[in-house]
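# Observations on the model geometry
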Amino acid sequence: MTAYTLVLNAGSSSLKYQLVEPVSGHVAAKGLVERIGRSAADYTEALAKVQADLPDVTITAVGHRVVHGGDKFSAPTMITPSVLGAIKELIPLAPLHNPANAAIIDAALVAFAGLPQVAVFDTAFFADLPKVATTYAIDRNVARDNGIRRYGFHGISHEYVSKEAAKLLGRDYGELNQIVLHLGNGASASAIEAGRPIDTSMGLTPLEGLVMGTRGGDIDPGVLIHLMRHAHLDADGIDDLLSRHSGMFGLTGSVDLRDVHAAAAGQGPDSEQAELALAIYARRLAKYIGGYAAILGSVDIITFTAGVGENDADIRERACARLDLFGVILDSQRNRLPAGGPRVISADDSRVTVAMIPTNEELAIARQAAASLVS
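The following paragraphs examine the structure supplied in this document.

Definitions and cut-offs
- Residues numbered from 1 in each chain as written.
- Predicted model: local features only at pLDDT ≥ 70, side-chain atom pairs only at ≥ 80, totals over all residues.
- Heavy atoms only, no water.
- Salt bridge = Lys/Arg side-chain N within 4 Å of Asp/Glu carboxyl O.
- Pairing = 2+ DSSP bridges.
- Helix = DSSP H or I, 4+ residues; strand = E, 2+ residues; numbered from the N terminus.
- Contact = heavy atoms within 4.5 Å.
- Axes fitted to C-alpha atoms, helices over the stretch in contact; angles between N-to-C directions.
- Buried < 20%, exposed > 50% of the residue type's maximum accessible area, 1.4 Å probe, protein only.
- Core = buried A, V, L, I, M, F, W, Y, C linked by side-chain atoms within 4.5 Å.
- Parallel < 35°, antiparallel > 145°, perpendicular 65-115°, else oblique.
- Left-handed = near helix turned anticlockwise from the far one by under 90°.

Scanning the entire structure with this criterion turns up 17 salt bridges. In this structure, a network of salt bridges that share partners links the residues Arg150, Asp199 and Glu208.

Next up, the structure:
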């Protein structure tokens, strides 16, 4: 009997799903329900659509991606009423993500009442970051009383890709120093020393760090104080600005880097603004890579992953062009090959290997959920 895990990944208005055999990675079904609130009234109705499309196979568990586990969850966790309650309590730390994660869990507990359900947390991989990385330089009592620390996100992807990088090199995971760049609509970087993450670009929330689709990443906090005082933005207005109207969208009006590249290739003010946005995006990447290289002391491999990281050769080239100080030499022909399986894109004489490795968060979730059933 082949046993499958149903992986559910809820966004703010969408539901991705995959039916995965955890050992082989075989996918029996996958899909996406979009525009929840319009095409489906709510997550219960969206899940009903998913159920209608599932083939007749044996499902032994449901795995849920949950973005924020705070300091409560550092490993895959069997979902109980108290666990679900804790996920809901963490909504203020991930207001775009945890509400949807909780909603689909509520629906799945009814729809798949007889199956064990496991929460796999995006923050778990970074739960044991050293204090020098998690601690913000603010009043320590204020930080303690309000749970302010760096948590990090995209951990499911960073862990999966870093382990695949070790396989690609044919080396032991615990002997490698790695920098992983998860570049999608959300984007984050991680520094992994001898198999242990020691820093990551996202912080208390997914707003810090790299330039993203609608999030701008690092910003002077004084800008926000200025906007509160002079633009009369309240907390909700600041949140809306930083979460939905910044990043590439704020700079260019588009979250799709293909559109930005097309605009940059044209002429006129739009092309100048698009080119500026691409330069900002790549410069921020290079700053994080350089900073993490200094923290690690030496780097064995830099890996690009996720939608932009896997498919945008120009972004990879722009970022790596600034890294010759570290002995990084990109092979243009390898870099420009169409996206496919894992591959090295650096030149043979590059002192640091550069790779493109597709992420597979659904497979990682399925494996972690399945493993938690027998642990």
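It is worth spelling out the sheet that holds strand S8 (residues 187-193) at this point. As summarised here, the arrangement of the six strands in space is S9-S8-S7-S10-S12-S11, forming an open sheet in which the pairing is mixed. Each edge of the sheet is formed by a strand with only one pairing partner; in this case those strands are strand S9 (196-200) and strand S11 (343-344). In this sheet, S8 lies alongside strand S7 (residues 177-183) in antiparallel orientation, the contact comprising seven bridges. Across the sheet, residue His182 finds its bridge partner in S8, namely Ser188. The sheet strands contacting helix H11 (residues 269-296) are S7, S8, S9 and strand S10 (301-305), and the helix crosses S7 at an angle near 160 degrees.

A few words on the sheet that holds strand S2 (residues 15-20). Strands sit in the order S3-S2-S1-S4-S6-S5 across an open sheet of six strands; the sheet is mixed. With partners counted over all chains shown, the strands left at the sheet margins are strand S3 (27-33) and strand S5 (77-78), one partner each. Taken together, the six bridges between S2 and S3 define a ladder with antiparallel strand orientation. Looking at the pairing, Gln18 lines up with Lys30 of S3.

With respect to the helices and strands, Asn177 occurs in strand S7. Using a relative accessible area of 10% as the deciding quantity, one classes Asn177 as buried. Setting aside chain neighbours within four positions, we find Asn177 in contact with Ile192, Glu193, Ala194, Leu296, Ser298, Val299, Asp300 and Ile301.

As a further point, take the nonpolar core. Core analysis: the largest hydrophobic core is formed by 41 residues, its most contacted members being Leu181, Leu183, Tyr281 and Ile302. Residue assignment for this core shows that the elements contributing at least two residues are S7, S8, helix H10 (257-264), H11, S10, helix H13 (313-320) and strand S12 (353-356). When sequence neighbours within four positions are dropped, the list of residues in contact with Leu181 reads Ser188, Ala189, Leu285, Ile289, Ile302, Thr303, Phe304 and Thr305. In this structure, Val118, Ile192, Leu363 and Ala364 belong to the second largest nonpolar core, which totals 25 residues.

Orientation of helix H2 (residues 81-89) relative to helix H3 (residues 98-111), taken along the N-to-C sense of each, is 160 degrees, at an axis distance of 9 Å. When the axes of H2 and H3 are compared, the pair comes out roughly antiparallel. By crossing handedness, the relation of H2 to H3 is classed as left-handed. For the pair H2 and H3, the contacting residues are Leu84, Ile87 and Lys88 in the first and Asn98, Ala102, Ile105, Asp106 and Leu109 in the second.

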